[in-house]
Amino acid sequence: MAPVDPHSYTDGAHPVTAHAALAFYLDFSASAIHASALLTLSAPHSGDLLLDTRALAVHSAATATAPTSPIPFSLAADADPVLGSALTLTLPPDTTSFLLTFSTSAAASALQWLSPPQTASALPFVFSQCQSVHARSVFPCHDTPAARITYSLLLNLPARLSAVAAARHVARRDPVPSDHRGAVPSDLWCAPGRIVEEFHMAQCVPPYLFAFAAGAIGSRDLGPRTRVYAEGGDTLLDDAAREFAGVEDMVKVGESLFGPYDWERFDLLVLPPSFPYGGMENPRMVFLTPTVIKGDAAGAQVVAHELAHSWTGNLITNKTNEDFWLNEGFTTYAERRIVEVVQGEERAALNMGIGWRGLNRMMERFKDNMEFTKLKPKMAGIDPDDVYSEVPYEKGFQFLWRIERQIGRPAFDEFLKKYIATFKFQSIDTETFLEFLKANVPGIENQVDLDVWIEGTGIPPDAMEPDSATYRKICTLAAEFKSGKIPSEDEVADWSGQEWELYLENLSKDVESSQVIALDERYKLSESRDYEVKVAFLQLAIPTGCRCYFNEVEKCLKQVGRMKYLRPLYSSLAKCSEEEKMLAKRIFSEAHEFYHPIARSVVESILSKHG
């Protein structure tokens with residue numbers, strides 16, 4: 001076997017899936033999908049073929065040309081905790097396509113099924129989150145970004161609900177028996193009160209960008225190619241439309257910087273609060289947490305990051321998770337270039353400053369395993385979710401910013417556009433990028449130590465803390481806090497959430513509880529509507545033993561399932577006294593059903609690590 005990816009059973013000596021025609025029957029009562037997948041290979045193949053699965057029940061396999069001719073298959077009995085179970089098919093000579101029927105389980109790591117009491121509409125809701133290695137829990141596939149696919153998708157759901165997907169919406173129509181290809185019996189597929197939403201994705205994408213959601217979803221138009229969708233009703237839609245009103249302008253800025261936008265539409269879906277990320281860059285349909293709606297258009301920055309992925313991550317993709325920085329480092333750089341144009345240099349510098357603090361914090365987090373401070377870490381046997389961090393984002397950004405400083409922005413912009421045009425709709429590794437860099441920026445390896453940046457641990461000596469008047473002022477005020485100085489109301493009069501976040505991130509962790517309480521009494525940070533500010537403050541308060549904030553911590557952990565907040569709050573509690581540990585365990589026991597499976601697994605890992 002010639003593995004192409006440490007996180008996939010895909011054999012590099014075999015062809016991979018090029019197209020998937022999927023028919024999904026959404027069974028909300030069982031929290032399961034009953035499905036068929038007609039998979040077409042990139043080349044004819046005979047004999048064994050391996051696919052990735054996790055917690056899937058595979059019912060049948062047959063040739064596409066003769067559905068009554070079964071294909072022998074076996075599903076590994078012992079599931080690997082990271083890889084899942086290999087599905088081995090024994091294909092007849094020169095097979096180009098085959099049909100599988102299967103069902104997901106209630107334990108599918110990519111899917112969250114929300115019951116009516118858990119939604120704003122009091123109707124059921126389901127959504128997928130396939131990054132990094134969770135598409136295999138939705139359908140059998142070559143679940144590696146090295147294998148890009150096009151796909152069609154039929155979603156059969158109750159007619160009172162609607163669906164969206166990271167693909168072109170073709171039609172909403174009545175189901176017909178020829179749709180399902182054995183996913184379920186025809187009388188079930190065509191039952192009264194069911195509807196089919198049909199989608200098609202013509203551009204090839206890695207499987208982790210497969211995405212859909214179904215529930216009581218409404219929408220508002222934002223521009224000629226942008227629309228916002230949400231489950232939370234008219235008030236949430238109105239708030240989201242105001243927050244993201246400038247998205248079309250952002251798309252135009254992105255095009256001016258990085259070249260044509262190749263995905264036709266840039267729509268947004270605001271998910272329920274249990275969504276585990278700030279945003280997910282699914283092409284054509286970005287998924288967002290409702291916590292980015294802050295009422296001051298600051299949430300547009302998360303949108304800028306997901307938009308930037310349209311070029312760096314979606315158009316050019318990391319070949320494996322060991323090359324994840326190619327997605328996130330480039331996208332963080334591109335995001336800040338967009339922010340600089342739309343919101344100004346000072347705002348971009350604040351963004352960079354928060355990132356710089358985050359990168360330094362990651363050095364502390366991984367001090368016992370510095371492998372994960374490398375831009376290209378060795379990941380075999382490691383669950384990407386367990387070591388997900390700011391390193392690929394911020395160290396990757398710093399690397400690209402270092403190159404920009406070396407050759408100048410005009411030359412770097414020319415390089416960036418050429419890079420995107422050369423590798424669009426491809427998945428590449430770090431070595432391919434370095435070869436392209438050295439070929440197009442002759443002598444760069446003599447000016448920037450590429451080996452230290454890629455293979456070295458920690459923060460390279462030529463990384464640079466950002467600088468701006470606002471950034472310096474905030475850092476100075478943060479340094480003065482340890483001696484008891486709280487910023488005056490005049491000093492913070494024009495601060496938004498981002499300024500407060502940077503201030504809190506720069507405060508010494510060695511402060512007294514009385515100082516924390518005094519700061520909060522003046523500025524009510526623990527009650528902030530901006531979760532970035534609230535969580536940064538609570539993170540500061542927990543180690544000081546300020547038990548007066550435990551109710552706010554509990555409320556936060558039960559209202560929002562975003563891992564950016566769960567990870568630091570649970571970690572802070574788990575590292576404290578036995579009382580705080582017991583609090584963390586109680587909150588988790590009461591809230592875990594609310595969390596997405598990915599988030600649930602991360603919190604379980606934190607609580608297990610700290611006893």
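As a starting point, this report considers the structure included with it. Bear in mind the structure is a predicted one, so any value in this text is a computation, not a measurement.

Thresholds, definitions, all that
- Residues numbered from 1 in each chain as written.
- Predicted model: local features only at pLDDT ≥ 70, side-chain atom pairs only at ≥ 80, totals over all residues.
- Heavy atoms only, no water.
- Pairing = 2+ DSSP bridges.
- Helix = DSSP H or I, 4+ residues; strand = E, 2+ residues; numbered from the N terminus.
- Axes fitted to C-alpha atoms, helices over the stretch in contact; angles between N-to-C directions.
- Buried < 20%, exposed > 50% of the residue type's maximum accessible area, 1.4 Å probe, protein only.
- Phe/Tyr/Trp six-rings, centres within 6.5 Å; stacked < 30°, edge-to-face > 60°.
- Lys NZ or Arg CZ within 6 Å of the ring centre and 35° of its normal.
- Contact = heavy atoms within 4.5 Å.
- Core = buried A, V, L, I, M, F, W, Y, C linked by side-chain atoms within 4.5 Å.
- Salt bridge = Lys/Arg side-chain N within 4 Å of Asp/Glu carboxyl O.

Description of the sheet that holds strand S12 (residues 212-215)
Read from one edge of the open sheet, four strands run S6-S7-S12-S9, paired in antiparallel fashion. The open sheet terminates on both sides in strands that have one partner only, identified here as strand S6 (111-114) and strand S9 (162-165). Going from strand to strand, the sheet's axes swing by 10 degrees on average, the running direction of each strand aside. Pairing geometry for strand S7 (residues 125-128) and S12, over two bridges, is antiparallel. From the neighbouring strand, Phe127 faces S12, where its bridge partner is Ala213.

Overview of the pairing of strand S1 (residues 17-27)
When you tally the buried positions in S1, you get nine out of 11 residues, the bulk of the element. As defined by bridge partners, S1 adjoins strand S2 (residues 32-53) across 10 bridges and the pair is classed as antiparallel. Bridge pairing in S2 places Leu26 opposite Ile33. When S1 meets strand S8 (residues 149-158), the two strands line up parallel, connected through seven bridges. Bridge pairing in S8 links Ala21 to Ser152.

Overview of the packing of aromatic side chains
Each aromatic ring pair is described using two quantities: the centre-to-centre distance and the angle formed by the ring planes. Taken as a whole, this structure holds 48 aromatic pairs when the rule is applied. With centroids separated by 5.8 Å and ring planes inclined at 65 degrees, the aromatic side chains of Phe127 and Phe275 adopt a geometry described as edge-to-face. Within this pair, whereas Phe127 is found in strand S7, its partner Phe275 is found in the loop between strand S15 (267-270) and strand S16 (279-280), the two being separated by 148 residues in sequence. The same class applies to Phe127 as to Phe275, namely buried. Measuring from ring centre to ring centre gives 5.4 Å for Phe330 and Phe433, while their planes differ by 85 degrees; the resulting arrangement is edge-to-face. One end of the pair, Phe330, is in helix H5 (residues 324-343); the other, Phe433, is in helix H9 (residues 430-440), with 103 residues separating them in the sequence. For the pair formed by Phe330 and Phe433, the shared burial category is buried. Over the aromatic face of Tyr531 sits the side chain of Lys534, whose NZ or CZ is 6.0 Å from the ring centroid.

Quick notes on the environment of Gln301
Residue position: Gln301 is located in helix H4 (residues 300-308). Its relative accessible area of 13% is what places Gln301 among the buried residues. If we skip the residues at most four places from it in the chain, Gln301 touches Glu335, Val339, Gln343, Arg347, Asn351 and Gln498.

Side note on the nonpolar core
If you look at the biggest cluster of nonpolar residues, it comprises 188 residues, and the most contacted ones within it are Phe24, Phe244 and Phe433. Top element by residues in this core is helix H15 (residues 531-541). It accounts for eight residues. Of all hydrophobic cores here, the second largest spans eight residues; its members include Leu359, Phe366, Met379 and Val387.

A closer look at the side chain of Thr317
Mapped onto the secondary structure, Thr317 falls in strand S18 (residues 316-318). Overall, the relative accessible area of 1% leaves Thr317 in the buried class. Sequence-distant contacts of Thr317, that is, excluding residues within four places in its chain, are made with Pro145, Arg148, Pro206, Tyr208, Asn327, Gln426, Ser427 and Ile428.

Here we look at the sheet that holds S16
The sheet built from five strands is open, its strands ordered S13-S14-S15-S17-S16 with mixed pairing. Both edges of this open sheet fall to strand S13 (218-223) and S16, since each of them pairs with a single strand only. Pairing geometry for S13 and strand S14 (residues 226-230), over five bridges, is antiparallel. Paired with Gly223 across the two strands is Thr226, which belongs to S14.

Looking at the pattern of salt bridges
Applying the stated criterion to the full structure yields 41 salt bridges. Asp323 is paired through a salt bridge with Lys376; the nearest N and O atoms lie 2.9 Å apart. Linking Asp323 in the loop between S18 and H5 with Lys376 in the loop between helix H6 (345-365) and helix H7 (391-407), this pair joins segments that are 53 residues apart in sequence. For the salt bridge of Arg547 with Glu580, the shortest nitrogen-to-oxygen distance reads 3.6 Å. Linking Arg547 in the loop between H15 and helix H16 (550-559) with Glu580 in helix H18 (residues 578-591), this pair joins segments that are 33 residues apart in sequence. Each of Glu554, Lys558, Arg586 and Glu590 takes part in one network of salt bridges that share partners.

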